Structure formats: C-alpha cells, structure tokens
Amino acid sequence: MPVTTIKSEDQYKQILSEPGLKGIEFVAPWEESCKGISAKWKDLAGNERWKGIHFYCVDICDQQDVAMDAGVKMTPAFHFYDGESKVKELRSTSAPELERTIGAVLAGH
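Taking an unreviewed UniProt entry as the reference, the chain is identified by name as Thioredoxin domain-containing protein belonging to Rhodotorula mucilaginosa.

Right under this line is the structure:
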C-alpha cells in the first residue's frame, strides 16, 4: 500500500475519524535526518508484512496546522493511531526501531 500524503487539516481529521490502524510520519523534507527514514517508511508501506496499517505522511512545512494539532515539536516523528486514539509515538531515525514500533502497534502493545 502506498504512503498517502495528507494535504489539509480536514483530510487529517477525516483520516483520524476512520476506524483502523494508521501511522502518520511527520517530516521536514529539507532535513537530512528525515530523508533516509522517509525512504524506509515508503518501503515499509509497500511490504505485505505491514498490510494491517495505513501509512500517511505530513510535510510540516506545508501543513503547519496539522503538525500543531498533532503536537509535533521535532521531526521525524511517527504517530500511530487506532481509530482516533493515539497508541504510540516515535521520534527516531532508526529503521529497526521504526519496524519494532510498527510491529508493537499491530500486536496491540
């Protein structure tokens, strides 16, 4: 499943209102630390192993209101939701840590 770019605050709120697991990556695309982990995020989204979660991305430069709504203070940041409830948050550039976090979200931890 491809990563869907969130392009408005209304779209962000709509996505959160939908049932199911979702992961949202918050990035500043010009920041070097975001570039590498964003490529990994795209790879994970396309992997059948993680098909139980929907992958999204927010460019905090374009969507400042969304970033403020989500309480993002640093990038890269990953927020994981079950429906509207945030179940986990990760601020890291570690690909193995990101995979472990997604696994924990899918396992309900």
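On we go.
A. How the structure looks around the sheet that holds strand β4 (residues 77-82). Spatial ordering of the open sheet is given by β1-β3-β2-β4-β5, a layout of 5 strands whose pairing is mixed. At either end of the open sheet lies a strand with only one pairing partner, and these are β1 (4-5) and β5 (85-90). One ladder, built from 6 bridges, connects strand β2 (residues 21-27) with β4; its direction is antiparallel. Bridging from a neighbouring strand, K22 pairs with Y81 of β4.

B. Structural detail: the pairing of β2. Counting buried residues along β2, 7 of its 7 residues qualify, which places the element largely inside the surrounding structure. Burial of the side chains of β2 extends over both faces: L21, G23, E25 and V27 are buried on one face and K22, I24 and F26 on the other. The handedness of the β2 to strand β3 (residues 53-59) crossover, carried by helix α2 (residues 32-45), is right-handed.

C. Seen up close, the side chain of S38. Relative to the assigned elements, S38 resides in helix α2. When residues no more than four places from it in sequence are discounted, the contact partners of S38 are E25 and V27.

Calculation criteria
Residues numbered from 1 in each chain as written. Predicted model: local features only at pLDDT ≥ 70, side-chain atom pairs only at ≥ 80, totals over all residues. Heavy atoms only, no water. Pairing = 2+ DSSP bridges. Helix = DSSP H or I, 4+ residues; strand = E, 2+ residues; numbered from the N terminus. Buried < 20%, exposed > 50% of the residue type's maximum accessible area, 1.4 Å probe, protein only. Right-handed = clockwise from strand over helix to strand, strands pointing away. Contact = heavy atoms within 4.5 Å.

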